[in-house]
Amino acid sequence: MSKAIVSVIMGSDSDLPVMRAAAEFLESMDIPFELTIVSAHRTAERMFDFAKSASDRGIKVIIAGAGGAAHLPGMVASLTSLPVIGVPIKSSNSIDGWDSILSILQMPNGIPVATVALNGAKNAAILAARILGSSDDKIGSQVKAYNKSLTDAVLSKAKNLEEKGWK
Ligand code: RP5
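K.L.:
Where do I start with the site of the ligand in this structure?
P.N.:
Looking at the ligand, the residues that line it are Gly11, Ser12, Ser14, Asp15, Arg42, Ala66, Gly67, Ser91 and Asn93. With respect to the ligand, the side chain of Ser14 contributes an N or O atom lying 2.6 Å from an oxygen atom. Here an oxygen atom of the ligand sits 2.7 Å away from a polar atom, N or O, in the side chain of Arg42. Considered on its own, the ligand offers 370 Å² of accessible surface; in the complex 79% of this is hidden by protein. A breakdown of the residues in the shell around the ligand according to their chemical character gives 1 nonpolar, 6 polar and 2 charged.

K.L.:
Could you clarify how one ought to interpret the side chain of Asp99 in this entry?
P.N.:
Within the secondary structure, Asp99 sits in helix H4 (residues 98–105). Lys90 is the oppositely charged side chain nearest to the buried, salt-bridge-free Asp99, at an N-O distance of 8.9 Å. From its side chain, Asp99 meets the backbone nitrogen of Ile95 in a polar contact 2.6 Å long. Polar contacts involving the side chain of Asp99 include one to the side chain of Ser100, which spans 3.4 Å.

K.L.:
What should I look at first to understand a nonpolar patch on the surface in this one?
P.N.:
A grouping of Trp98, Leu102 and Leu105 is seen on the molecular surface, where their side chains present a nonpolar patch of about 320 Å² in accessible area. Looking at the element boundaries, Leu105 is found in helix H4.

K.L.:
Is there a simple way to explain the packing of helix H2 (residues 44–54) against helix H3 (residues 72–79) in this structure?
P.N.:
The description of two helices packed together rests on the angle between their axes and the distance between the axes. Between H2 and H3, the shortest axis-to-axis distance is 8 Å and the interhelical angle comes to 50°. Considering the angle they form, H2 stands oblique to H3. Where H2 crosses over H3, the two elements pack in a sense that is right-handed. Facing Met47, Phe48, Phe50, Ala51 and Lys52 of H2, the residues of H3 in contact are Leu72, Met75, Val76 and Leu79. A breakdown of the residues in the contact of H2 with H3 according to their chemical character gives 8 nonpolar, no polar and 1 charged.

K.L.:
Help me understand the pattern of salt bridges, please; the structure alone is not making it clear to me.
P.N.:
When charged atoms on two side chains of opposite charge get close, those side chains can pair. This structure, assessed with the given rule, holds 4 salt bridges. The shortest N-O distance in the salt bridge between Asp152 and Lys148 comes to 2.8 Å. Of the two residues, Asp152 and Lys148 both sit in helix H6 (residues 137–164), 4 residues apart, roughly one turn of that helix. In this structure, Lys159 engages Glu163 in a salt bridge whose closest nitrogen and oxygen atoms are separated by 3.2 Å. Taken together, the residues span about one helical turn, with Lys159 and Glu163 both in helix H6 at a distance of 4 residues.

K.L.:
I tried to follow the sheet that holds strand E2 (residues 33–37) on my own but got confused; where do I start?
P.N.:
In a beta sheet, neighbouring strands are held together by backbone hydrogen bonds and run either parallel or antiparallel to one another. A sheet is described by the order of its strands in space; here 5 strands give the open sequence E2-E1-E3-E4-E5, paired in parallel fashion. The sheet is open, and its two edges are formed by E2 and strand E5 (114–115), each paired on a single side. Sheet analysis places strand E4 (residues 84–89) next to E5, joined by 2 bridges and oriented parallel. Bridged to Gly86 within E5 is Thr115. Sheet strands in contact with H4 are strand E3 (61–67), E4 and E5, and its direction is about 165° off that of E4.

Quick notes on the rules
Residues numbered from 1 in each chain as written. Predicted model: local features only at pLDDT ≥ 70, side-chain atom pairs only at ≥ 80, totals over all residues. Heavy atoms only, no water. Near = heavy atom within 4 Å. Polar contact = N/O pair within 3.5 Å; in protein donor to acceptor, adjacent residues only side chain to side chain. Areas by Shrake-Rupley, 256 points an atom, 1.4 Å probe, with all protein chains shown as cover. Nonpolar A, V, L, I, M, F, W, Y, C, P; charged D, E, K, R; others polar. Helix = DSSP H or I, 4+ residues; strand = E, 2+ residues; numbered from the N terminus. Buried < 20%, exposed > 50% of the residue type's maximum accessible area, 1.4 Å probe, protein only. Lys, Arg positive; Asp, Glu negative; His and termini not counted. Salt bridge = Lys/Arg side-chain N within 4 Å of Asp/Glu carboxyl O. Patch = residues over 30% accessible without salt bridge, like charges linked within 9 Å, V, L, I, M, F, W, Y side chains within 5 Å. Axes fitted to C-alpha atoms, helices over the stretch in contact; angles between N-to-C directions. Parallel < 35°, antiparallel > 145°, perpendicular 65-115°, else oblique. Left-handed = near helix turned anticlockwise from the far one by under 90°. Contact = heavy atoms within 4.5 Å. Pairing = 2+ DSSP bridges.

Structure follows, in structure tokens:
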């Protein structure tokens, strides 16, 4: 198994039903990744060690999902120079999801977190693939092929609808 170049982390195992979409996409692209739990609040020292060592371990992009007072993506971004993609999660302790979105999105100048939609773990993985694909031809070609598959699917549905009619 190749060395992970993407790290998928989440604040709790309760985030996995959302975050598994990132793992599934990365697996479908043959992009080596690791996946684990790192909690900003419950395992602050583990978060520090994780973020400080990620680059030296060969990680190129970090995807971090968290719900409620979602400090994980921002704190990890403050401890590394790697790109961090944040996934706001509507968790059991979220009011309505906006708490997670704003906690991840509203970062101060200098410490960016690329924030995807609420529960948007798949888009986080696609964005990670795009970042990697800008300097890796194989991944870049896979991303292009994936984009083409989306276009082809819509064109096929449009053709089907036009031929069969809306009824
Ligand atoms: C956050 O609190 C986690 O990311 C999760 O979304 C939420 C709830 O965690 P559990 O109480 O289910 O472990 O830190």
